[in-house]
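What the coordinates show
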Amino acid sequence: CGIPLINDSGLTDSGGLRFAGSNAVNGDSFVHTEYLKNSEYFTNLIRKIEKKFETKCGLTRILKLNKGGYIHIHKDGDIFNKKIFRCHIPIVTTYPDVFMNLDDESYHMIAGNLYLTDTSKLHSVTNNSDIDRIHIVMDLVYSKKLLEFINKGLPTKLIPLYEINNNSNELI
């Protein structure tokens, strides 16, 4: 379950959580939902990301995976890592109990950092912890600057840990 922040329709119900397909390629057809418009914090975060990576944010959601939850193995499509980059910013997570499996490798994501996830490959998510996992999941449109960060492995810390630790309940 989740909260849609940006999508192609402005929908705030579960329909607003779904991938829009080829409309996402240029980022121009996306609408900020009422949730995003009413959140100065997330609006500023989106602006910061778009400026830092010289890109546009497409489909953007706050997603929750319940404690003990599992997302079955799947692929999201071949558009990813070519024209669109699916990224995660963990907000609430537990190491080592929450991890993403991607092509038979397990990855733990640290809260506050932005992670590129190649969802064109087989992947699944496991939450073996006793807390819900909360991530911002966003599609970033291809840009040279974004590719530079990805290829060089440059730092992608976007949310200071003190904001996550002190305000995580307020954020969600």
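Residues numbered from 1 in each chain as written. Predicted model: local features only at pLDDT ≥ 70, side-chain atom pairs only at ≥ 80, totals over all residues. Heavy atoms only, no water.

What to know about the overall build of the protein
Summing up its helical and strand segments, the protein has four helices and 10 strands in all. Expressed as a percentage of the 172 residues in the protein, the buried residues total 45%. Of the contacts formed within the protein by residues at least 6 apart in sequence, a portion of 77% connects residues at least 24 apart. As displayed, the protein has an accessible area near 9,100 Å², and 50% of this comes from carbon and sulfur atoms. (Helix = DSSP H or I, 4+ residues; strand = E, 2+ residues; numbered from the N terminus. Buried < 20%, exposed > 50% of the residue type's maximum accessible area, 1.4 Å probe, protein only. Contact = heavy atoms within 4.5 Å. Areas by Shrake-Rupley, 256 points an atom, 1.4 Å probe, with all protein chains shown as cover.)

Describing the sheet that holds strand β3 (residues 57-65)
As summarised here, the arrangement of the six strands in space is β2-β1-β3-β10-β5-β8, forming an open sheet in which the pairing is antiparallel. The open sheet terminates on both sides in strands that have one partner only, identified here as β2 (31-32) and β8 (115-116). One ladder, built from seven bridges, connects β3 with strand β10 (residues 133-141); its direction is antiparallel. Bridging across to β10, Arg61 finds its partner in Val137. Running over the sheet, helix α2 (residues 40-53) touches β1 (2-7), β3, β5 (84-92) and β10 and is turned about 45 degrees from β10. Against the sheet, helix α3 (residues 144-152) makes contact with β5, β8 and β10, and its axis sits at roughly 65 degrees relative to β5, the strand it touches most. (Pairing = 2+ DSSP bridges. Axes fitted to C-alpha atoms, helices over the stretch in contact; angles between N-to-C directions.)

What about the side chain of Arg86?
Looking at where Arg86 falls in the secondary structure, it is placed in strand β5. By relative accessible area, Arg86 is classed as buried at 6%. In this structure the side chain of Arg86 is engaged in a polar contact, spanning 2.9 Å, whose partner is the side chain of Asp76. A polar contact is formed between the side chain of Arg86 and the side chain of Asp139, at a distance of 2.6 Å. (Polar contact = N/O pair within 3.5 Å; in protein donor to acceptor, adjacent residues only side chain to side chain.)

Brief notes about the nonpolar core
In terms of nonpolar packing, the biggest core is built from 23 residues, with Ile49, Ile89, Ile136, Met138 and Leu140 touching the most fellow members. Secondary-structure elements contributing two or more residues to this core are β1, α2, β3, β5, β10 and α3. Element by element, the count of residues in this core is highest for α2, at five residues. (Core = buried A, V, L, I, M, F, W, Y, C linked by side-chain atoms within 4.5 Å.)

A short note on the sheet that holds strand β4 (residues 70-74)
Spatial ordering of the open sheet is given by β4-β9-β6-β7, a layout of four strands whose pairing is antiparallel. Of all strands in the sheet, those with a lone pairing partner are β4 and β7 (105-107), marking the two edges. In this sheet, adjacent strand axes meet at a mean angle of 20 degrees when their direction is disregarded. Where strand β6 (residues 98-102) lies against β7, three bridges are found, and the strand directions are antiparallel. The residue bridging Asn101 from the neighbouring strand is Ser106, located in β7.

Re the pairing of β10
In terms of residue burial, β10 counts as a mostly covered element, since nine of its nine residues are buried. The alternating pattern of β10 places Arg133, His135, Val137, Asp139 and Val141 on one face and Ile134, Ile136, Met138 and Leu140 on the opposite face, and all of these are buried. In terms of strand pairing, β5 meets β10 through eight bridges, oriented antiparallel. Its bridge partner being in β10, Ile89 is matched across the sheet by Ile136.

Notes on the packing of aromatic side chains
Under the criterion given, the structure shown has three aromatic pairs. Note on Tyr41 and Phe42: the rings are 5.4 Å apart at their centroids and 85 degrees apart in plane angle, and the pair reads as edge-to-face. Accessibility expressed as a relative area gives 30% for Tyr41, which makes it partly exposed. Look at Phe42 and you get buried, because its relative accessible area is 5%. (Phe/Tyr/Trp six-rings, centres within 6.5 Å; stacked < 30°, edge-to-face > 60°.)

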